[in-house]
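Examining the three-dimensional arrangement
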Amino acid sequence: MTTNQIMQRILLWGGILAAAVAVVGGIVGWLLAAGAGVASALVGTALAIVFCMLTAASILLAFKVSKGAMISGAFFGIVLGGWLLKFVLFIVLVFVLGDQDWLHRGVAFGALVAAVIGSLVIDCVVIMTSRQPTIDSDADDETQGRPARGAQA
């Protein structure tokens, strides 16, 4: 499985998760705070979607720029830059949205936490099931990676 396929799978499952969080959060938000609760759940879900997309986009861009070499300054710089952008964006949104009367903070926080934890679980599951090789070099044709006959370990 290639990096693009892994990121596409993460984005697909992330979209499904976001829809589930929006529906469940909207129901809980409606029960707690009517319209403001539904809007808050949708805002929390939207923030989680944006942050997940920024992660996937920064990794895909980093692979493209570094030509697949994960151990390069360009790769780490782009991924770190994406992380810093998300951090700054989160801080700005907390201050901007924190003072809004139409926002129910508890519902928005709950939706955001559920979406972020869910996206972390999705990232882990997709990566663990992607069947990525742990060794880059090809096995020796003669032994196909097994010790040769009579070889001492």
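Before going into details, it helps to say that this report is about the structure given with it. These numbers were taken from a predicted model, which means no experiment stands behind them.

1. Focus: the overall build of the protein
When its secondary structure is counted, the protein shows three helices and zero strands. Secondary structure elements in the protein, listed N-terminal to C-terminal, are α-α-α. In the protein, which comprises 153 residues, the share counted as buried stands at 28%. Roughly 10,500 Å² of accessible area belongs to the protein as shown, and the carbon and sulfur atoms make up 70% of that amount.

2. Structural notes on the nonpolar core
Core analysis: the biggest nonpolar cluster contains 24 residues, and Met7 and Leu47 have the highest contact counts within it. Looking at this core, the elements that each hand over two or more residues are helix H1 (3-65), helix H2 (73-98) and helix H3 (105-128). Considering every element that reaches this core, the biggest residue donor is H1, with 14 residues. Apart from residues lying up to four places away in sequence, leucine 47 is in contact with Leu93, Leu97 and Leu112.

3. Some points on the environment of alanine 20
Tracing the backbone shows alanine 20 in helix H1. By relative accessible area, which is 40% here, alanine 20 ends up partly exposed. Once the C-alpha coordinates of alanine 20 and threonine 45 are considered, the two residues, 25 residues apart in sequence, prove to be 9.4 Å apart.

4. Digging into the packing of H1 against H2
Relative to each other, H1 and H2 sit at 165°, their axes nearing to 8 Å. For the element pair H1 / H2, the angle class is roughly antiparallel. Of the two possible hands of crossing, H1 and H2 adopt the one that is right-handed. Residue-level contacts link Val43, Leu47, Val50, Phe51, Leu54, Thr55, Ser58, Ile59, Leu61, Ala62, Phe63 and Val65 of H1 to Ala74, Phe75, Ile78, Val79, Gly82, Leu85, Lys86, Leu89, Phe90, Leu93 and Leu97 of H2. In terms of residue class, the contact of H1 with H2 is built from 19 nonpolar, three polar and one charged.

Thresholds, definitions, all that
- Residues numbered from 1 in each chain as written.
- Predicted model: local features only at pLDDT ≥ 70, side-chain atom pairs only at ≥ 80, totals over all residues.
- Heavy atoms only, no water.
- Helix = DSSP H or I, 4+ residues; strand = E, 2+ residues; numbered from the N terminus.
- Buried < 20%, exposed > 50% of the residue type's maximum accessible area, 1.4 Å probe, protein only.
- Areas by Shrake-Rupley, 256 points an atom, 1.4 Å probe, with all protein chains shown as cover.
- Core = buried A, V, L, I, M, F, W, Y, C linked by side-chain atoms within 4.5 Å.
- Contact = heavy atoms within 4.5 Å.
- Axes fitted to C-alpha atoms, helices over the stretch in contact; angles between N-to-C directions.
- Parallel < 35°, antiparallel > 145°, perpendicular 65-115°, else oblique.
- Left-handed = near helix turned anticlockwise from the far one by under 90°.
- Nonpolar A, V, L, I, M, F, W, Y, C, P; charged D, E, K, R; others polar.

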